[in-house]
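# Observations on the three-dimensional arrangement
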Amino acid sequence: MPDTITSEQPTAVDTLLIERPIPPCNIVIFGATGDLTHRKLIPALFSLDAQGLLPDHLKITGFARREFSDHSFRDELKASVQEYAPDLWKEAEASWIKFAKRVVFHRSDFDNAQGFTWLKERLDRFDQTEGTLGNRLYYLATPPSTYTTVVQQLGKAGLVRGGTDKDSDGFTRIIVEKPFGSDLASARALNAELKQVFDEEQIYRIDHYLGKETVQNIFVFRFANLLFEPLWNCKYVDNVQVTVAETVGVEQRAGYFDHAGELRDMVQSHALQMLALIAMEPPNTLSASDIRDEKAKVLRAITPVVGSGCNDCVVRGQYGAGQLGGKDVPSYRDEPNVPADSVTDSFVALKLEIKNWRWAGVPFYIRAGKRMPERVTEVNIIFKDIPQVLLATETDDTAEPNVITIRVQPNEGISMRLGAKPPGQKTVVRAVDMNFTYGTSFGQRIHDAYERLIMDALLGDAALFTRDDEVEAEWGLITPILEHWAANPAPELPNYPAGTWGPDAADKMVTDSGRKWWNR
Ligand SMILES: NC(=O)c1ccc[n+]([C@@H]2O[C@H](COP(=O)([O-])OP(=O)(O)OC[C@H]3O[C@@H](n4cnc5c(N)ncnc54)[C@H](OP(=O)(O)O)[C@@H]3O)[C@@H](O)[C@H]2O)c1
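This structure is a prediction, so every number in the text was calculated from the model and none was measured.

### Topic: the pairing of strand β17 (residues 413–420)
Note that strand β16 (residues 403–409) and β17 share five bridges and pair antiparallel. Along β17, the bridge assignment pairs Arg-407 with Gly-413. Hairpin geometry of β16 and β17 is characterised by an intervening segment of three residues between the two adjacent antiparallel strands and by a positive phi of about 50 degrees at Asn-411. For β17 and strand β18 (residues 428–437), the ladder comprises eight bridges, and the chain directions are antiparallel. In the strand pairing of β18, Ser-415 is matched with Asn-435.

### Looking at helix α8 (residues 213–223)
Among the 11 residues of α8, eight are classified as buried, and the element is accordingly described as predominantly covered. Looking only at α8, the buried set comprises Thr-214, Val-215, Gln-216, Asn-217, Ile-218, Phe-219, Phe-221 and Arg-222.

### Side note on the side chain of Thr-142
Mapped onto the secondary structure, Thr-142 falls in the loop between β4 (136–140) and α6 (147–156). Among the residues examined, Thr-142 registers a relative accessible area of 7% and is labelled buried. Here Thr-146 takes part through its side chain, which lies 2.8 Å from a polar atom of the side chain of Thr-142. The residues contacting Thr-142, other than those within four sequence positions of it, are Phe-30, Gly-31, Phe-110 and Tyr-147.

### Structural notes on the environment of Thr-437
Inspection of the secondary structure puts Thr-437 in strand β18. Distance from Thr-437 to Gly-52, taken between C-alpha atoms, is 27 Å for residues 385 residues apart in sequence.

### Points about the domain arrangement of the protein chain
Here the protein chain is partitioned into domain 1 (25–177) and domain 2 (210–447 + 468–511). Centre-to-centre, using C-alpha coordinates, domain 1 lies 35 Å away from domain 2.

### Quick word on the packing of helix α1 (residues 35–50) against helix α13 (residues 449–459)
For the pair α1 and α13, interaxial distance at closest approach is 8 Å and the crossing angle is 65 degrees. In terms of orientation, α1 and α13 fall into the roughly perpendicular class. The handedness of the crossing between α1 and α13 is right-handed. Facing Leu-36, Lys-40, Leu-41, Ala-44, Leu-45, Ser-47 and Leu-48 of α1, the residues of α13 in contact are Tyr-450, Glu-451, Ile-454 and Met-455.

### Quick notes on the state of the cysteines
On inspection of all chains with the given rule, the structure shows zero disulfides. The structure places no disulfide on Cys-234, whose sulfur is separated from the nearest cysteine sulfur, that of Cys-313, by 18 Å. Take Cys-234: its relative accessible area is 25%, and that puts it in the partly exposed class.

### Re the packing of aromatic side chains
Taken as a whole and assessed by the stated rule, the structure comprises 26 aromatic pairs. Each ring, one from Trp-89 and one from Trp-96, has its centre 5.8 Å from the other, and the planes form 65 degrees; the classification is edge-to-face. Trp-96 shares its class with Trp-89; the two are buried. Both rings, one in Tyr-438 and one in Phe-442, keep their centres 5.7 Å apart while their planes meet at 50 degrees; by these two values the pair is tilted. Owing to a relative accessible area of 9%, Tyr-438 belongs among the buried residues under this scheme. Phe-442 sits in the partly exposed class, given a relative accessible area of 48%. Against the face of Phe-126 rests Lys-59, its NZ or CZ located 5.0 Å from the ring centre. Across the ring face of Tyr-209, the terminal group of Lys-212 is positioned such that the distance to the ring centre comes to 5.4 Å.

### Regarding the site of the ligand
Among the 21 residues in the neighbourhood of the ligand, the closest are listed as Thr-33, Asp-35, Leu-36, Arg-39 and Arg-66. Gly-34 is positioned such that a nitrogen or oxygen atom in its backbone is 3.1 Å from an oxygen atom of the ligand. Arg-39 has a polar side-chain atom sitting 2.7 Å from an oxygen atom of the ligand. In the complex, 77% of the free accessible area of the ligand, which totals 890 Å², lies under the protein chains.

### With respect to the pattern of salt bridges
Summed over all chains, the structure comprises 31 salt bridges. Residue Asp-468 is joined to Lys-195 by a salt bridge in which the shortest nitrogen-to-oxygen separation is 2.4 Å. Separated by 273 residues along the polypeptide, Asp-468 in helix α14 (residues 468–487) and Lys-195 in helix α7 (residues 184–195) bring together distant segments of the chain. Linking Glu-262 and Lys-370 is a salt bridge whose minimum nitrogen-to-oxygen distance equals 3.4 Å. Of this pair, Glu-262 sits in helix α9 (residues 254–279) while Lys-370 sits in the loop between β13 (363–369) and β14 (376–383); the two residues are 108 residues apart in sequence, bridging distant segments of the chain. Each of the salt bridges in this network shares a partner with another, and the network as a whole consists of Lys-120, Asp-124, Asp-127 and Arg-136.

### Observations concerning the sheet that holds β4
Paired through backbone hydrogen bonds, the strands of a sheet run either parallel or antiparallel to each other. Spatial ordering of the open sheet is given by β3-β2-β1-β4-β5-β6, a layout of six strands whose pairing is parallel. Because the sheet does not close on itself, it has two edges, and the strands there are β3 (103–107) and β6 (203–205). Recorded for the sheet is a direction-independent mean angle of 20 degrees between the axes of neighbouring strands. With five bridges joining them, strand β1 (residues 25–30) and β4 adopt parallel strand pairing. In the strand pairing of β4, Ile-27 is matched with Leu-137. Here α1 sits on the sheet in contact with β1, β2 (58–64) and β4, set at roughly 165 degrees to β1.

Basis of the calculations
- Residues numbered from 1 in each chain as written.
- Predicted model: local features only at pLDDT ≥ 70, side-chain atom pairs only at ≥ 80, totals over all residues.
- Heavy atoms only, no water.
- Pairing = 2+ DSSP bridges.
- Helix = DSSP H or I, 4+ residues; strand = E, 2+ residues; numbered from the N terminus.
- Buried < 20%, exposed > 50% of the residue type's maximum accessible area, 1.4 Å probe, protein only.
- Polar contact = N/O pair within 3.5 Å; in protein donor to acceptor, adjacent residues only side chain to side chain.
- Contact = heavy atoms within 4.5 Å.
- Domains from an automatic or database assignment.
- Axes fitted to C-alpha atoms, helices over the stretch in contact; angles between N-to-C directions.
- Parallel < 35°, antiparallel > 145°, perpendicular 65-115°, else oblique.
- Left-handed = near helix turned anticlockwise from the far one by under 90°.
- Disulfide = S-S within 2.5 Å.
- Phe/Tyr/Trp six-rings, centres within 6.5 Å; stacked < 30°, edge-to-face > 60°.
- Lys NZ or Arg CZ within 6 Å of the ring centre and 35° of its normal.
- Near = heavy atom within 4 Å.
- Areas by Shrake-Rupley, 256 points an atom, 1.4 Å probe, with all protein chains shown as cover.
- Salt bridge = Lys/Arg side-chain N within 4 Å of Asp/Glu carboxyl O.

Written as structure tokens, this is what we have:
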């Protein structure tokens, strides 16, 4: 059903609304020849520039080992924008020459201290010649195993000014990519290593899900509408479901994924951050610290699932061969570079409990999986049943509960399932959906999450980045499950055919209490 607010077609360079201009800055991307830089970071920066949002005095230095001149590096980036952001390229091609002039390549190995000394000389020179005012934004788009080396080299080379944005010599900030650690101990160790060189206020831990409009809209939807907040608690909500489903398998990422698994890759940050936005209390203000205080508080209120508790509240799965879109697809273990005896989880379902006044007794279910029948990321808030005394349904079943669905991808938007009367003499109830879709409601294209997040980091707004205590609270929930799995091998794997919604045990976990997964 289309929504009612529509306007003209969006364009690729519609302007993001910002209240303050982005300050001059030297951005340094570590890992500038890598996949993330090409597919996401450079298209995002180019788009910001094409919208006129980057200041004149902003330079971008790409740091990596491979051999490039400034010129050949720019050519390579141009080809990437053409390939990965063709709509943007079509509309903004004329802005490329100006953007390309901002970019230079700095070749060095992270182990080479001299490379960082030269980097400092280069950036200091830009401060003089390009007016970048001593401001630095570093982006760690590198393998996690190199984070500590880069950070230490930055510290040793004098590339990190202490203090925060109040520093009159300019700010220094660092964006750290995910994964941030692989368990609680490693996340704590990484936090400690970063803080030997940077203050917490200078560290921007990125989870690109938080840059997605719909995820941010969870916050606005909850706190800008009087309608929902009174119902947003255990008195009216029956259960909450977070689904992160992909149709793809492990593809070419087995080298990383087979060590990580779905619980680490999708639940630790993406799913738990969405859950925190759904369940948090209203913050006192919109400041980064107030928002993150509330998110951390609710994450800490989740009861960890430990030991044999995992048998009832956690289901792990791995796909076998199956069918998707009418095509045969191989099992996880038959994917390229996956060991034949791998027990890595490509699916996980969890039942969590938030021990606080608002949510006591409401199950929060999370499921994340690969080779699911549909690609969908959404949150469903399922309300309690109405008293079934007054109205019949068309099928004589009980009327469906009200459900609010927050769709993060695809078709970003929000829908509400309501009971309505179909035309005719009989007074019966049929479920209908009221839809709001981002694609049509605002007449603007949805900006890529990285655009928003890079802009926020340049502006010094850390609200959409994860703080140290949040990340540790997340790993505090994930680690006992990983430990239980390590101690209890999974002979049943693979346990779901590709193209299905996961193992039967995941259904049973929900149906045992008379509920069901909310599949459209
Ligand atoms: N790709 C994605 O879509 C994606 C999504 C979410 C998160 N991430 C995260 O983003 C980070 C980067 O991922 P990626 O996929 O872009 O990795 P990638 O394609 O493997 O790129 C790694 C980059 O790091 C550089 N590098 C590695 N070791 C180096 C060293 N010792 N000295 C100098 N440069 C070195 C490489 O330079 P050379 O090529 O010159 O060796 C390359 O530019 C990872 O933490 C990943 O988890 C990526």
